[in-house]
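# Inside the fold
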Amino acid sequence: MSEYTRNEGGGFTFALRAFRSRNYRLFFGGQMISLIGTWMTSVATSWLVYRLTGSAWLLGAVAFAGQVPSFLLGPLGGIAVDRYDKRKLIMVTQALAMLQSFSLAYLTLTGRITVTSLLVLNAIDGLINAFDMPARQSFLMDMIEHKEDLGNAIALNSSMVNAARLLGPSIGGLVIAAVGEGWCFFIDGASFLAVLGTMFAMRIAARPPKPRHAGGALAEMREGWEYVRNFRPVRSIILLLALVSFVGVPYTVLIPVFAGKVLGGGPHTLGWLMASSGCGALLAAIWLASRKSVLGLGRAIPTGTAVFGAGLLAFSYTRSTALGMTALAAAGAGFMIQLAASNTIVQTIVDDDKRGRVMSFFMMAFFGPAPFGSLLAGRLADGIGAPATLRLAGLCCLAGAGLFGLRLEELREAIRPIYRRMGILPEVRKAVRDAGAMTYPPHD
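Residues numbered from 1 in each chain as written. Predicted model: local features only at pLDDT ≥ 70, side-chain atom pairs only at ≥ 80, totals over all residues. Heavy atoms only, no water.

Moving on: the overall build of the chain. Scanning the chain from N- to C-terminus turns up 18 helices and 0 strands. Counting all 444 residues of the chain, 57% fall into the buried class. Intrachain contacts of the chain at a sequence separation of at least 6 include 86% that bridge at least 24 residues. Split by element, the accessible area of the chain, about 18300 Å² in all, is 67% carbon and sulfur. (Helix = DSSP H or I, 4+ residues; strand = E, 2+ residues; numbered from the N terminus. Buried < 20%, exposed > 50% of the residue type's maximum accessible area, 1.4 Å probe, protein only. Contact = heavy atoms within 4.5 Å. Areas by Shrake-Rupley, 256 points an atom, 1.4 Å probe, with all protein chains shown as cover.)

This is how it looks when you write it as structure tokens:
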């Protein structure tokens, strides 16, 4: 029987089926703790830059410094993931990230922090993430004992990220108001110990090292690029993600402007706005985790993108914190549906020997255009205002969703042979069940 025909029941237990794998349970717990710290650092960094400078453009510049290394070095990260032991690679990147957070904490708590040091340390964080993110995405396949649980694991990962996104900014806002941004950075640094501890505790079967490509790293990079470029479903998904990353995701760097100037609030308002987006994304991720199959996720990609764009459009007109939180919750839900559905489909259909490189391009599409979009959003916000900038972003996302939707049936046709081979399509599952039933004589 195909692995995709098992465990098709519903209910709460089914929505948590990836937890059957011990290694994934460990990973989930450690990452949950660490990601709360990461989101505390995110809100603390934004507020610190805005407090020091009051400039929307510098908010974009700091975000640019933290994201552009992932764009430039993403392919090298993918090659490293396909070549080396993923668990050891993740442990190295997480240890380096811990040192980066403690450096931020030291400089801030001693009063030595400057915008320049924030730019440098954010760039170091981006360099680490160029290797860490494709490694963690690809490592899911190694942790999951039942491969039919991959989609559920990705959805639960999204739930974890967004539960942290809900808790982290709220806690961060309280910590900033009580004792300052430096303690957010310190808590983040300490939280990496949870990840390192759970990675040590995992039991992962040793895999033989992958033979080196005869043409070296450049040939491996080219092979991964050609695979992405020539496989229409992966190419289309990555292009839409890149568009949304460029025009839509930079809305986060403008939230301090809305919290301070548009809504007349402070760090608490910033925390609530960011948390509302995380709440919407968490609800969307829970819905995705409850799904029984990857089938239907293709339609979810343009739908989620359209909801994200509409949420940004609505937020650009708000002058009320409550209405702004509602609009950001919708935007967060829409973006999470697009991102998680895209991730699940790509990881389902990609060849195993190219997974690290493909996921590095996937992460490049997410993080690569965002820094350039952050710079543009910051510059536009200084010129035409933050609300008008977000209106333009929302309209671009809606246009991208429409174009993807027009090509959806064509992409389905390209994916269908893969799903048929994997036994995912309903007619294949039915044939397998019928064949199994014919193996046993009927009872009297």
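Now, onward.
Moving on, we get to helix α13 (residues 321-349). With 29 residues, α13 should cover 42 Å at 1.5 Å per step; its first-to-last C-alpha distance of 42 Å lies within 8% of that length. Judged by how many residues are buried, α13 sits mostly within the fold: 22 of 29 residues are covered. Structurally, the start of α13 carries an N-cap: the backbone nitrogen of A322 is 3.4 Å from a side-chain oxygen of S320. (Expected span 1.5 Å × (residues − 1). Polar contact = N/O pair within 3.5 Å; in protein donor to acceptor, adjacent residues only side chain to side chain.)

Right, let's talk about a nonpolar patch on the surface for a bit. Together, F71, L72, F246, F372 and L376 make up an exposed nonpolar region whose accessible area comes to about 430 Å². Counting residues per element, the ones that place at least two in the nonpolar patch are α3 (56-83) and α15 (369-384). The topology assignment puts L72 in helix α3. Residue class for L72 comes out exposed when judged on its relative accessible area of 58%. (Patch = residues over 30% accessible without salt bridge, like charges linked within 9 Å, V, L, I, M, F, W, Y side chains within 5 Å. Salt bridge = Lys/Arg side-chain N within 4 Å of Asp/Glu carboxyl O.)

Given a rise of 1.5 Å per residue, 29 residues ought to cover 42 Å, and the 40 Å separating the end C-alpha atoms of helix α5 (residues 115-143) matches this to within 8%. Along α5, the helix axis deviates most sharply at N129, where the bend reaches about 35°. Counted residue by residue, α5 has 21 buried out of 29 residues, so it is predominantly covered. (Bend = angle between axes of the 7 residues up to and from the residue.)

So, about the pattern of salt bridges. Across all of its chains, the model carries 7 salt bridges by this definition. Across the salt bridge formed by R51 and E181, the nearest N and O atoms sit 2.9 Å from each other. Remark: E181 occurs in helix α7 (residues 181-201) and R51 occurs in helix α2 (residues 22-53); sequence separation between them is 130 residues. Relative accessible area serves as the criterion here: at 6%, E181 is assigned to the buried category. Linking R136 and D132 is a salt bridge whose minimum nitrogen-to-oxygen distance equals 2.6 Å. Within this pair, R136 and its partner D132 are both found in helix α5, separated by 4 residues, close to a single helical turn. Across the pair, exposure class does not vary: R136 and D132 are buried alike.

Right, let's talk about the packing of helix α4 (residues 86-109) against α5 for a bit. One can describe the packing of α4 onto α5 by two numbers: an axis separation of 9 Å at closest approach and a directional angle of 155°. What the angle tells us is that α4 and α5 run roughly antiparallel. In the packing of α4 onto α5, the handedness of the crossing is left-handed. Tallied by class, the residues present in the contact of α4 with α5 amount to 13 nonpolar, 7 polar and 6 charged. (Axes fitted to C-alpha atoms, helices over the stretch in contact; angles between N-to-C directions. Parallel < 35°, antiparallel > 145°, perpendicular 65-115°, else oblique. Left-handed = near helix turned anticlockwise from the far one by under 90°. Nonpolar A, V, L, I, M, F, W, Y, C, P; charged D, E, K, R; others polar.)

The next point concerns the confidence of the model for the chain. Across the chain, the average pLDDT comes to 80, with 87% of residues at or above 70. Of the regions scoring below 50 in pLDDT, residues 1-9 engages in 26 contacts with residues more than four places distant in sequence or in other chains. Note that residues 428-444 has pLDDT below 50 and, in this model, 11 contacts with residues that lie over four places away or in other chains. (pLDDT = per-residue confidence, 0-100.)

It is worth spelling out the nonpolar core at this point. Grouped together as the largest cluster of nonpolar side chains are 128 residues, with contacts concentrated most on Y24, I345 and F362. Not counting chain neighbours up to four residues away, the residues in contact with I345 comprise I237, V294, L297, G298, I301, I415 and Y419. (Core = buried A, V, L, I, M, F, W, Y, C linked by side-chain atoms within 4.5 Å.)

Tracing the sequence through the fold places V62 in helix α3. Setting aside chain neighbours within four positions, we find V62 in contact with T45, V49, L119 and N122.

At their nearest, the axes of helix α9 (residues 232-247) and helix α16 (residues 386-406) sit 9 Å apart, and the two run at 170° to each other. On the basis of their axis angle, the class for α9 and α16 is roughly antiparallel. Within the contact between the two elements, α9 uses S236, I237, L240, L243, V244 and V247 and α16 uses A393, C396, C397, G400, A401 and F404.

All right, on to the environment of V92 then. Within the fold, V92 resides in helix α4. The sequence separation of V92 and F131 amounts to 39 residues, and the corresponding C-alpha distance is 9.7 Å.

Our next topic: the packing of aromatic side chains. Counted under the stated rule, the structure contains 11 aromatic pairs. Relative to F186, the ring of F102 lies with its centre 5.5 Å away and its plane at 50°, an arrangement referred to as tilted. Taken together, the residues span a long stretch of sequence, with F102 in helix α4 and F186 in helix α7 at a distance of 84 residues. Residue classification places F102 among the partly exposed residues on the basis of a relative accessible area of 27%. F186 sits in the partly exposed class, given a relative accessible area of 36%. Consider the rings of F258 and F315, whose centres lie 4.6 Å apart with planes at 40°: the pair is tilted. Of this pair, F258 sits in helix α10 (residues 251-262) while F315 sits in helix α12 (residues 297-317), and the two are 57 residues apart along the sequence. (Phe/Tyr/Trp six-rings, centres within 6.5 Å; stacked < 30°, edge-to-face > 60°.)

Within the fold, N129 resides in helix α5. A relative accessible area of 19% places N129 in the buried class. Not counting residues within four places of it along the chain, the set of residues in contact with N129 comprises S70 and P134.

Let us now look at the environment of S245. The topology assignment puts S245 in helix α9. Taking the C-alpha atoms as reference points, S245 and P369, 124 residues apart in sequence, are found 5.8 Å from one another. Residues within four places of S245 in sequence aside, it is in contact with P250, A365, F366, F367, P369 and A370.

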